[in-house]
Amino acid sequence: MAPERFFLQLDPPLDAMRAWPHVVIVGGGFAGLKACNALAGKPVRVTLIDKRNFNLFQPLLYQVASGLVSEADVASPLRQMVGEAANIQILLGEVVDIDTEAREVVFNDHRYAYDHLILASGSGSTYFGHEEWRPLAPPMKILEHADEIRRRLLMALEEAEQTRDPERRRFLQSVVVVGAGPAGCELAGSLIELMHRAVARDFKQLDRDQCRVILLDAVDRVLPAMAANLSKDAAAYLERAGVELRLNTMVAAIEPGRVILKRPSDVSAGEANAGGDGIGDLEAATICWTAGVRASRLGRLLEERTGAPVDRGGRLQVEADFSLPGHPEIRAVGDLCHYAHTGDGKVLPGMAGPAVQMGAWVARDILAGLEGRRSEPFRWFDLGSMAVIGPWYAVADLRGLHVSGLAGWVLWALAHLAFIPDTENRIALFSKWMWQIATRQRTALLITGRPDQHLGVDVGLERAVPPGGLSQSPEAPPSGPLNRLISTPRITAI
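Residues numbered from 1 in each chain as written. Predicted model: local features only at pLDDT ≥ 70, side-chain atom pairs only at ≥ 80, totals over all residues. Heavy atoms only, no water.

As a further point, take empty space enclosed by the protein. Rolled over the atoms, a probe as big as a water molecule pinpoints where empty space is left. Applying the stated criterion across every chain, the model contains three cavities of 30 Å³ or more. A volume near 170 Å³ is recorded for the largest cavity. Lining the largest cavity are 17 residues, with Tyr62, Leu68, Gly390, Pro391 and Gln436 sitting closest to its centre. Elements represented by at least two residues in the lining of the largest cavity include exactly helix H2 (61-65), helix H6 (182-202), strand E23 (385-390), helix H10 (406-419) and helix H11 (423-439). Counting residues per element, the lining of the largest cavity draws most heavily on H6, at four residues. Here the residues of the lining of the largest cavity are counted per class, giving nine nonpolar, five polar and three charged. (1 Å grid on protein atoms, 1.4 Å probe; cavity = no way out; pocket = protein on both sides within 12 Å on 5 of 7 lines; lining within 4 Å. Points joined across faces, edges and corners; volume = space filled by probe spheres on them. Helix = DSSP H or I, 4+ residues; strand = E, 2+ residues; numbered from the N terminus. Nonpolar A, V, L, I, M, F, W, Y, C, P; charged D, E, K, R; others polar.)

Printed below as a string of structure tokens:
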């Protein structure tokens, strides 16, 4: 039986659509969503596949982790954002394989044909070969990670409130953040402000001066990708706020409640030095990880299927039109692509700005090809980079224009509000930011879930079990052991 090319009610809503080319987009992040917007209402059939049913504004995850905003403020349902377009359907599932010869993607036990494939599946976290650290130091890549960080910190403060042992209280009031990039600096700055304000206002038995947030990284300065003067400004602000900086320091191991350290110069000693070198290991009830990023696993999969080259981070090295070598019908955009076809040969950074521009250009290029036209070459407009370090304080590098302090915060707020795709979320975020700045009260300090519930989460399509077991229809998974989840590999590390 030939695979279905389009199964919106099994048939396209308009007969004219039957002859339209089919564009499959994998991933509903910045790049994938922008590609959908560009293709909406055009003479192509579009299927957006994502293992989550919402678009997540990842740059603000640290605000969820620190209780500034709630989950719904940084996530918007995909069906409400692009699903109303007659030529776009949205399917929940995880693509587990791609048959490049047959031009089919495999997900939810379906083989689904495409004429054009846009891969925008984003990135995940990496622990550089030490996955055993993940449950001890949650990353910050999805909503559940932010929930877990918030739960662990607030639960530690609650325990500290009723602990008589002063050493135990100091341990419970300590946080280690690994990674001094934008995510780590933003998280550390927000957590120290949360702890100081919460302890002073809401906890009767805790000493504000015993709150510790330690920012740890092997680099020699915070925000190493930004200009040196901005890094200096950010470091000075963090230290004034109470964050302890431990730079030029690597993680040798992570144990429950402890980070074992070593100097970068000791890396050559290998695992023999895994016990640390006596430079002062850190003990903390809450440990967070923002140090490592890896591309989606589809990069390695396409390397196997097509021989396409990937870089050390697993990103596909693409042609100037974002296609894979020898496969013009497959494009990789966003965090999944290694794009070096720039004027200076530098690889485009994995940020929202480039991802949005990539998704829009690829969609326009596909439409131009269908019309027999050639697109103008892709030109990235560098919007700069920013990081917010605390209330009313941010640093921004706008194409060589360096701004810090209140002016930087205003620019940061305007830029992030502009990138948020949902108007309701813009209004909610702006109002909550103003309320927090005016009152220093946070609106989302709820402890929910069970220990480690938010780690190793299963995502994608889940099939309900009817009475008597699964029916053996063409849409049901193959017969076998009864399992409420579909029989495809599950995501256990994101």
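Right, let's talk about the packing of helix H4 (residues 143-161) against H6 for a bit. Packing of H4 against H6 brings their axes to within 12 Å, and their N-to-C directions diverge by 30 degrees. With respect to each other, H4 and H6 are oriented roughly parallel. For the pair H4 and H6, the sense of crossing is right-handed. Listed contacts from H6 to Ile149, Leu153 and Leu157 of H4 are Leu187, Leu191, Leu194 and Met195. Of the residues contributing to the contact of H4 with H6, the split by class is seven nonpolar, no polar and no charged. (Axes fitted to C-alpha atoms, helices over the stretch in contact; angles between N-to-C directions. Parallel < 35°, antiparallel > 145°, perpendicular 65-115°, else oblique. Left-handed = near helix turned anticlockwise from the far one by under 90°. Contact = heavy atoms within 4.5 Å.)

Turning our eyes to something else, we now look at the side chain of Ser190. Examined against the element boundaries, Ser190 turns out to sit in helix H6. The class of Ser190 is buried, set by a relative accessible area of 5%. Among the polar contacts made by the side chain of Ser190, one reaches the side chain of Ser66 at a distance of 2.6 Å. Each residue touching Ser190, except ones within four places of it in the same chain, is listed here: Tyr62, Ser66, Leu68, Ile389 and Arg442. (Buried < 20%, exposed > 50% of the residue type's maximum accessible area, 1.4 Å probe, protein only. Polar contact = N/O pair within 3.5 Å; in protein donor to acceptor, adjacent residues only side chain to side chain.)

In terms of nonpolar packing, the biggest core is built from 123 residues, with Val105, Phe322 and Trp412 touching the most fellow members. Residues contacting Val105, with those up to four places away along its chain left out, are Val24, Ile49, Val95, Asp97, Ile98, His110, Arg111, Tyr112, Tyr114 and Leu117. Trp133, Val176, Ile214 and Leu261 belong to the second-largest nonpolar core, a separate cluster that totals 15 residues. (Core = buried A, V, L, I, M, F, W, Y, C linked by side-chain atoms within 4.5 Å.)

Purely spatial values, then, with no claim about function.
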